[in-house]
Amino acid sequence: MKLEKAVKTDEKLLNHDFIRLMDYQKQDLFYLLELAGQMKHNWQAGIHSKPLEGRVLGMLFMKPSTRTRVSFETGMSQLGGTGIYLEADQLQLGRGETMADTATALSGYLDGMLIRTFSQDMIDTFAAHATIPVINGLTDMYHPCQVLADLQTIREMKGALKGVRLTYLGDSNNVAHSLMIGAAMTGMDITIGTPDHCRPDEGVIQKASVIAGNSGSKMAITSEPVSAIRGADVVYTDVWTSMGQEYEQTDRQQMLEAYQVNAALLSEAKHDAIFMHCLPAHRGEEVTADVIDGKQSVVFQQAENRLHAQKALMMALMG
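Conventions and cut-offs
- Residues numbered from 1 in each chain as written.
- Predicted model: local features only at pLDDT ≥ 70, side-chain atom pairs only at ≥ 80, totals over all residues.
- Heavy atoms only, no water.
- Pairing = 2+ DSSP bridges.
- Helix = DSSP H or I, 4+ residues; strand = E, 2+ residues; numbered from the N terminus.
- Axes fitted to C-alpha atoms, helices over the stretch in contact; angles between N-to-C directions.
- Parallel < 35°, antiparallel > 145°, perpendicular 65-115°, else oblique.
- Left-handed = near helix turned anticlockwise from the far one by under 90°.
- Contact = heavy atoms within 4.5 Å.
- Right-handed = clockwise from strand over helix to strand, strands pointing away.
- Buried < 20%, exposed > 50% of the residue type's maximum accessible area, 1.4 Å probe, protein only.
- pLDDT = per-residue confidence, 0-100.
- Core = buried A, V, L, I, M, F, W, Y, C linked by side-chain atoms within 4.5 Å.
- Arc of directions from axis to C-beta.
- Polar contact = N/O pair within 3.5 Å; in protein donor to acceptor, adjacent residues only side chain to side chain.

### A short note on the sheet that holds strand β5 (residues 165-169)
Step number 1: Judged by pairing direction, the sheet is parallel, and its five strands sit side by side in the order β7-β6-β5-β8-β9 without closing on themselves. Each of the sheet's edge strands pairs with one partner strand only, and the pair in question is β7 (219-222) and β9 (274-277). The sheet shows a mean angle of 20° between the axes of neighbouring strands, taken without regard to direction.
Step number 2: Inspection of the sheet shows β5 paired to strand β6 (residues 189-193) by five bridges, in the parallel sense. In the sheet register, Leu 166 faces β6, and the bridge partner there is Ile 190.

Put into C-alpha coordinates, the structure is as follows:
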(Lines give C-alpha, C1' and ligand atoms only; values in the text may rest on other atoms or scores of the structure.)
Protein backbone atom coordinates (compact mmCIF):
# COMPACT_ATOMS: atom_id res chain seq x y z
CA MET A 1 0.00 0.00 0.00
CA LYS A 2 1.26 3.47 -0.84
CA LEU A 3 2.11 6.03 1.81
CA GLU A 4 -0.03 9.08 2.36
CA LYS A 5 0.67 11.87 -0.11
CA ALA A 6 1.76 14.52 2.40
CA VAL A 7 4.70 13.61 4.64
CA LYS A 8 7.18 15.46 6.79
CA THR A 9 10.54 16.29 5.30
CA ASP A 10 12.30 14.10 7.86
CA GLU A 11 10.38 11.12 6.53
CA LYS A 12 11.28 9.46 3.28
CA LEU A 13 8.95 9.76 0.30
CA LEU A 14 9.39 6.10 -0.50
CA ASN A 15 6.60 4.59 -2.61
CA HIS A 16 5.00 7.97 -3.14
CA ASP A 17 3.45 8.97 -6.45
CA PHE A 18 4.53 12.21 -8.15
CA ILE A 19 1.52 13.10 -10.27
CA ARG A 20 0.60 16.65 -9.23
CA LEU A 21 2.65 19.16 -7.28
CA MET A 22 -0.38 19.90 -5.12
CA ASP A 23 -0.28 16.30 -3.81
CA TYR A 24 2.74 17.38 -1.78
CA GLN A 25 3.16 19.90 0.99
CA LYS A 26 5.43 22.91 0.73
CA GLN A 27 8.14 21.32 2.87
CA ASP A 28 8.12 18.21 0.67
CA LEU A 29 8.73 20.31 -2.41
CA PHE A 30 11.60 22.19 -0.81
CA TYR A 31 13.06 18.89 0.40
CA LEU A 32 13.16 17.69 -3.23
CA LEU A 33 14.73 20.98 -4.36
CA GLU A 34 17.43 20.74 -1.69
CA LEU A 35 18.11 17.15 -2.69
CA ALA A 36 18.29 18.15 -6.37
CA GLY A 37 20.83 20.84 -5.54
CA GLN A 38 22.94 18.33 -3.63
CA MET A 39 22.69 15.82 -6.49
CA LYS A 40 23.93 18.46 -8.93
CA HIS A 41 26.77 19.56 -6.67
CA ASN A 42 27.92 15.98 -6.10
CA TRP A 43 27.86 15.11 -9.79
CA GLN A 44 29.80 18.22 -10.79
CA ALA A 45 32.32 17.53 -8.01
CA GLY A 46 32.86 14.01 -9.28
CA ILE A 47 31.20 12.41 -6.25
CA HIS A 48 29.34 9.45 -7.73
CA SER A 49 27.32 6.80 -5.93
CA LYS A 50 24.89 4.06 -6.96
CA PRO A 51 21.99 4.28 -4.47
CA LEU A 52 19.50 2.79 -6.95
CA GLU A 53 21.63 -0.18 -7.95
CA GLY A 54 19.37 -3.04 -8.95
CA ARG A 55 16.28 -0.82 -9.21
CA VAL A 56 14.30 -0.69 -12.45
CA LEU A 57 12.15 2.20 -13.71
CA GLY A 58 9.58 1.48 -16.40
CA MET A 59 9.00 4.40 -18.78
CA LEU A 60 5.72 4.28 -20.69
CA PHE A 61 5.60 6.87 -23.49
CA MET A 62 2.48 7.70 -25.46
CA LYS A 63 3.91 11.07 -26.54
CA PRO A 64 7.34 11.65 -28.10
CA SER A 65 10.07 13.10 -25.92
CA THR A 66 13.66 14.28 -25.88
CA ARG A 67 14.42 15.75 -22.45
CA THR A 68 12.06 13.60 -20.38
CA ARG A 69 13.23 10.32 -21.84
CA VAL A 70 16.96 11.08 -21.92
CA SER A 71 17.08 12.72 -18.48
CA PHE A 72 15.26 9.84 -16.77
CA GLU A 73 17.28 7.15 -18.56
CA THR A 74 20.54 8.96 -17.83
CA GLY A 75 19.51 9.66 -14.25
CA MET A 76 18.71 6.02 -13.57
CA SER A 77 22.04 4.98 -15.09
CA GLN A 78 24.00 7.49 -13.00
CA LEU A 79 22.23 6.26 -9.86
CA GLY A 80 23.06 2.66 -10.69
CA GLY A 81 19.61 1.57 -11.85
CA THR A 82 18.04 0.74 -15.19
CA GLY A 83 15.36 2.49 -17.23
CA ILE A 84 13.19 0.43 -19.58
CA TYR A 85 11.56 2.36 -22.43
CA LEU A 86 8.03 1.14 -23.21
CA GLU A 87 5.63 2.12 -25.98
CA ALA A 88 1.92 1.44 -25.59
CA ASP A 89 1.53 -0.20 -29.00
CA GLN A 90 4.28 -2.66 -28.08
CA LEU A 91 2.46 -3.73 -24.92
CA GLN A 92 -0.79 -5.61 -24.49
CA LEU A 93 -2.39 -2.21 -23.90
CA GLY A 94 -2.40 -1.97 -27.68
CA ARG A 95 -4.54 -5.12 -27.81
CA GLY A 96 -7.09 -4.08 -25.22
CA GLU A 97 -5.60 -5.01 -21.85
CA THR A 98 -6.92 -2.65 -19.21
CA MET A 99 -4.74 -0.03 -17.58
CA ALA A 100 -5.61 -1.53 -14.19
CA ASP A 101 -4.35 -4.98 -15.19
CA THR A 102 -1.22 -3.50 -16.75
CA ALA A 103 -0.48 -1.52 -13.59
CA THR A 104 -0.96 -4.53 -11.37
CA ALA A 105 1.23 -6.77 -13.53
CA LEU A 106 4.06 -4.27 -13.99
CA SER A 107 4.14 -3.59 -10.25
CA GLY A 108 5.46 -7.11 -9.86
CA TYR A 109 8.44 -6.41 -12.11
CA LEU A 110 9.38 -2.77 -11.58
CA ASP A 111 10.41 -0.46 -8.75
CA GLY A 112 8.82 2.62 -10.27
CA MET A 113 6.87 3.77 -13.31
CA LEU A 114 7.16 6.94 -15.39
CA ILE A 115 4.21 7.72 -17.69
CA ARG A 116 4.07 10.38 -20.41
CA THR A 117 0.63 10.49 -21.98
CA PHE A 118 -2.33 12.61 -23.04
CA SER A 119 -5.03 11.87 -20.48
CA GLN A 120 -4.68 12.74 -16.82
CA ASP A 121 -7.30 10.08 -16.06
CA MET A 122 -5.06 7.41 -17.56
CA ILE A 123 -2.17 8.08 -15.21
CA ASP A 124 -4.57 8.40 -12.26
CA THR A 125 -6.03 4.99 -13.11
CA PHE A 126 -2.58 3.43 -13.38
CA ALA A 127 -1.53 4.92 -10.04
CA ALA A 128 -4.70 3.72 -8.34
CA HIS A 129 -3.89 0.10 -9.21
CA ALA A 130 -0.08 0.16 -8.98
CA THR A 131 1.83 -0.70 -5.81
CA ILE A 132 4.97 1.10 -7.00
CA PRO A 133 5.56 4.88 -7.21
CA VAL A 134 4.16 6.45 -10.36
CA ILE A 135 5.73 9.60 -11.87
CA ASN A 136 3.90 11.95 -14.20
CA GLY A 137 6.25 12.62 -17.12
CA LEU A 138 3.60 14.86 -18.74
CA THR A 139 -0.13 14.84 -19.34
CA ASP A 140 -2.34 17.35 -21.10
CA MET A 141 -3.16 18.85 -17.68
CA TYR A 142 0.14 18.87 -15.76
CA HIS A 143 3.93 18.67 -16.18
CA PRO A 144 5.27 18.53 -12.60
CA CYS A 145 8.73 17.15 -13.45
CA GLN A 146 9.40 20.14 -15.69
CA VAL A 147 8.36 22.61 -13.02
CA LEU A 148 10.46 20.89 -10.36
CA ALA A 149 13.50 21.63 -12.54
CA ASP A 150 12.20 25.14 -13.24
CA LEU A 151 11.99 25.92 -9.53
CA GLN A 152 15.51 24.59 -9.06
CA THR A 153 16.74 26.89 -11.86
CA ILE A 154 15.03 29.97 -10.44
CA ARG A 155 16.52 29.29 -7.01
CA GLU A 156 19.97 29.02 -8.57
CA MET A 157 19.59 32.27 -10.48
CA LYS A 158 17.65 34.38 -7.97
CA GLY A 159 18.79 32.88 -4.67
CA ALA A 160 15.26 32.24 -3.44
CA LEU A 161 11.71 31.63 -4.61
CA LYS A 162 9.50 33.55 -2.21
CA GLY A 163 8.72 37.01 -3.56
CA VAL A 164 10.15 36.32 -7.01
CA ARG A 165 7.78 37.51 -9.73
CA LEU A 166 7.24 35.06 -12.59
CA THR A 167 5.41 35.92 -15.80
CA TYR A 168 4.23 33.21 -18.16
CA LEU A 169 3.17 34.34 -21.65
CA GLY A 170 1.30 32.37 -24.28
CA ASP A 171 -0.96 29.34 -24.26
CA SER A 172 -2.08 28.22 -20.80
CA ASN A 173 -1.08 24.60 -21.15
CA ASN A 174 0.14 21.84 -18.82
CA VAL A 175 3.36 23.73 -18.02
CA ALA A 176 1.42 26.88 -17.12
CA HIS A 177 -0.87 24.84 -14.87
CA SER A 178 2.03 23.30 -12.97
CA LEU A 179 3.84 26.65 -12.77
CA MET A 180 0.75 28.17 -11.16
CA ILE A 181 0.66 25.44 -8.53
CA GLY A 182 4.44 25.50 -7.99
CA ALA A 183 4.54 29.29 -7.65
CA ALA A 184 1.66 29.30 -5.20
CA MET A 185 3.26 26.58 -3.07
CA THR A 186 6.64 28.32 -2.86
CA GLY A 187 5.46 31.91 -2.35
CA MET A 188 6.34 33.18 -5.80
CA ASP A 189 4.11 35.75 -7.48
CA ILE A 190 2.86 34.62 -10.88
CA THR A 191 1.11 36.40 -13.72
CA ILE A 192 -0.30 34.51 -16.68
CA GLY A 193 -0.51 36.61 -19.83
CA THR A 194 -2.79 34.86 -22.28
CA PRO A 195 -5.75 35.54 -24.60
CA ASP A 196 -9.18 35.00 -23.09
CA HIS A 197 -9.60 31.92 -25.32
CA CYS A 198 -6.47 30.35 -23.80
CA ARG A 199 -7.11 30.90 -20.09
CA PRO A 200 -5.92 28.23 -17.67
CA ASP A 201 -8.30 25.51 -16.58
CA GLU A 202 -10.77 26.97 -14.09
CA GLY A 203 -10.27 24.08 -11.70
CA VAL A 204 -6.52 24.72 -11.66
CA ILE A 205 -7.12 28.44 -11.10
CA GLN A 206 -9.27 27.68 -8.07
CA LYS A 207 -6.78 25.21 -6.60
CA ALA A 208 -3.84 27.56 -7.15
CA SER A 209 -5.78 30.46 -5.64
CA VAL A 210 -6.43 28.52 -2.44
CA ILE A 211 -2.76 27.54 -2.13
CA ALA A 212 -1.65 31.10 -2.90
CA GLY A 213 -3.93 32.44 -0.18
CA ASN A 214 -2.14 30.29 2.35
CA SER A 215 1.41 31.03 1.16
CA GLY A 216 1.05 34.76 0.49
CA SER A 217 1.68 34.30 -3.23
CA LYS A 218 0.03 36.74 -5.61
CA MET A 219 -1.58 35.38 -8.78
CA ALA A 220 -3.00 37.29 -11.73
CA ILE A 221 -4.33 36.43 -15.17
CA THR A 222 -4.47 39.06 -17.89
CA SER A 223 -4.88 39.33 -21.63
CA GLU A 224 -2.45 42.28 -21.76
CA PRO A 225 1.09 41.01 -22.49
CA VAL A 226 2.87 44.28 -21.67
CA SER A 227 1.26 44.69 -18.26
CA ALA A 228 1.82 40.99 -17.59
CA ILE A 229 5.57 41.16 -18.12
CA ARG A 230 6.26 44.58 -16.61
CA GLY A 231 8.55 44.25 -13.59
CA ALA A 232 8.97 40.48 -13.90
CA ASP A 233 12.01 38.70 -12.46
CA VAL A 234 11.42 35.63 -14.62
CA VAL A 235 9.83 35.48 -18.08
CA TYR A 236 8.64 32.10 -19.27
CA THR A 237 6.98 30.88 -22.46
CA ASP A 238 6.24 27.62 -24.25
CA VAL A 239 5.26 26.49 -27.72
CA TRP A 240 1.92 27.81 -28.90
CA THR A 241 0.75 24.47 -30.26
CA SER A 242 1.07 21.49 -27.94
CA MET A 243 1.22 17.88 -29.07
CA GLY A 244 -2.18 16.80 -30.33
CA GLN A 245 -3.22 20.35 -31.28
CA GLU A 246 -1.36 20.59 -34.59
CA TYR A 247 -4.62 21.09 -36.49
CA GLU A 248 -5.04 24.41 -34.64
CA GLN A 249 -1.55 25.72 -35.44
CA THR A 250 -2.50 28.50 -37.88
CA ASP A 251 -5.28 29.82 -35.64
CA ARG A 252 -3.03 29.73 -32.60
CA GLN A 253 -0.22 31.62 -34.32
CA GLN A 254 -2.62 34.43 -35.18
CA MET A 255 -4.23 34.48 -31.74
CA LEU A 256 -0.95 34.45 -29.80
CA GLU A 257 1.17 36.72 -32.01
CA ALA A 258 1.06 39.59 -29.50
CA TYR A 259 2.48 37.31 -26.78
CA GLN A 260 5.73 36.56 -28.58
CA VAL A 261 8.69 37.16 -26.24
CA ASN A 262 10.90 39.50 -28.26
CA ALA A 263 13.48 42.09 -27.22
CA ALA A 264 10.93 44.89 -27.03
CA LEU A 265 8.57 42.96 -24.81
CA LEU A 266 11.37 41.55 -22.64
CA SER A 267 12.60 45.10 -22.00
CA GLU A 268 9.45 45.68 -19.94
CA ALA A 269 10.69 43.12 -17.39
CA LYS A 270 13.38 43.90 -14.82
CA HIS A 271 16.83 44.54 -16.28
CA ASP A 272 18.16 41.37 -14.65
CA ALA A 273 15.18 39.19 -15.58
CA ILE A 274 15.91 35.71 -16.84
CA PHE A 275 14.18 34.04 -19.76
CA MET A 276 12.96 30.45 -19.50
CA HIS A 277 11.46 27.97 -21.95
CA CYS A 278 10.85 24.27 -21.33
CA LEU A 279 11.85 23.39 -24.92
CA PRO A 280 11.55 22.49 -27.72
CA ALA A 281 11.36 26.08 -28.95
CA HIS A 282 10.12 27.46 -32.24
CA ARG A 283 12.26 30.52 -32.88
CA GLY A 284 10.27 33.21 -34.63
CA GLU A 285 6.99 32.07 -33.08
CA GLU A 286 6.65 32.16 -29.28
CA VAL A 287 10.17 33.62 -28.87
CA THR A 288 12.66 35.37 -31.09
CA ALA A 289 16.16 34.02 -31.61
CA ASP A 290 17.85 37.05 -30.05
CA VAL A 291 15.99 36.40 -26.77
CA ILE A 292 16.35 32.63 -26.43
CA ASP A 293 19.98 32.77 -27.55
CA GLY A 294 20.71 35.97 -25.62
CA LYS A 295 22.45 36.65 -22.32
CA GLN A 296 19.25 36.60 -20.27
CA SER A 297 18.31 33.10 -21.41
CA VAL A 298 18.83 30.17 -19.03
CA VAL A 299 16.99 27.58 -21.10
CA PHE A 300 19.86 25.08 -21.30
CA GLN A 301 20.67 25.38 -17.60
CA GLN A 302 16.96 24.76 -17.10
CA ALA A 303 17.11 21.72 -19.40
CA GLU A 304 20.15 20.29 -17.59
CA ASN A 305 18.34 20.64 -14.28
CA ARG A 306 15.75 18.15 -15.50
CA LEU A 307 18.44 15.52 -14.92
CA HIS A 308 19.32 16.60 -11.39
CA ALA A 309 15.74 17.28 -10.24
CA GLN A 310 14.59 13.91 -11.54
CA LYS A 311 17.51 12.08 -9.95
CA ALA A 312 16.44 13.62 -6.65
CA LEU A 313 12.85 12.59 -7.31
CA MET A 314 13.76 8.99 -8.13
CA MET A 315 16.07 8.83 -5.13
CA ALA A 316 13.31 10.07 -2.81
CA LEU A 317 10.63 7.76 -4.22
CA MET A 318 12.68 4.63 -4.92
CA GLY A 319 15.93 4.95 -2.94
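### Details of the packing of helix α2 (residues 67-78) against helix α12 (residues 299-318)
Step number 1: Across the interface, α2 lies against α12 with an axial gap of 9 Å and an inter-helix angle of 55°. Considered as vectors, α2 and α12 are oriented oblique to each other. For the pair α2 and α12, the crossing hand works out as right-handed. Of the residues in α12, those touching α2 at Arg 67, Thr 68, Ser 71, Phe 72, Thr 74, Gly 75, Met 76 and Gln 78 are Ala 303, Arg 306, Leu 307, Gln 310, Lys 311, Met 314 and Met 318.

### Quick look at the pairing of strand β2 (residues 82-87)
Step number 1: In this structure, strand β1 (residues 56-61) lies alongside β2, joined through six bridges in parallel fashion. Paired with Met 59 across the two strands is Tyr 85, which belongs to β2.
Step number 2: Note on the crossover from β1 through α2 to β2: the handedness is right-handed.

### Description of the pairing of strand β3 (residues 112-116)
Step number 1: Taking burial as the measure, the five residues of β3 include five buried ones, the bulk of the element.
Step number 2: The alternating pattern of β3 places Gly 112, Leu 114 and Arg 116 and Met 113 and Ile 115 on opposite faces, both of which are buried.
Step number 3: By the bridge criterion, five bridges tie β1 to β3 in an arrangement that is parallel. Bridged to Met 59 within β3 is Leu 114.
Step number 4: The sheet contact formed by β3 and strand β4 (residues 134-138) spans four bridges and is parallel. Along β4, the bridge assignment pairs Met 113 with Val 134.
Step number 5: This β-α-β element, β3 to helix α4 (residues 120-129) to β4, shows right-handed connectivity.

### Comments concerning the confidence of the model for the protein
Step number 1: Per-residue confidence for the protein averages 94 on the pLDDT scale, and 95% of its residues sit at or above 70.
Step number 2: Looking over the protein, one finds the lowest element-wise mean pLDDT in helix α9 (residues 249-256), namely 87, and the highest in strand β8 (residues 234-237), namely 99.
Step number 3: Predicted confidence is poor over residues 1-10, with pLDDT under 50, and the contacts of this stretch with residues over four places away or in other chains come to 31 contacts.

### Things to note about the nonpolar core
Step number 1: Formed by 56 residues in total, the largest nonpolar core has its most connected members in Phe 18, Ile 135 and Met 314.
Step number 2: Counting residues in each nonpolar core, the second largest holds 21 residues, with Cys 198, Ile 229, Ala 232 and Phe 275 among its members.

### Re the environment of Ile 190
Step number 1: As for its placement among the helices and strands, Ile 190 is situated in strand β6.
Step number 2: For Ile 190, the residues in contact, after removing those within four places along its chain, are Leu 166, Leu 179, Met 180, Ala 183, Lys 218, Met 219 and Ala 220.

### Observations regarding α4
Step number 1: The complete set of buried residues in α4 reads Gln 120, Met 122, Ile 123, Phe 126 and Ala 127. Down the axis of α4, the sector holding all buried residues measures 165°, keeping them to one side. With respect to the buried face of α4, the exposed residues turned more than 90 degrees away are Asp 121 and Ala 128.
Step number 2: For α4, the secondary structure elements touched by its buried residues are α3 (99-107), β3 and β4.
Step number 3: Residue Ser 119 occupies the N-cap position of α4, its side-chain oxygen lying 3.1 Å from the main-chain nitrogen of Asp 121.

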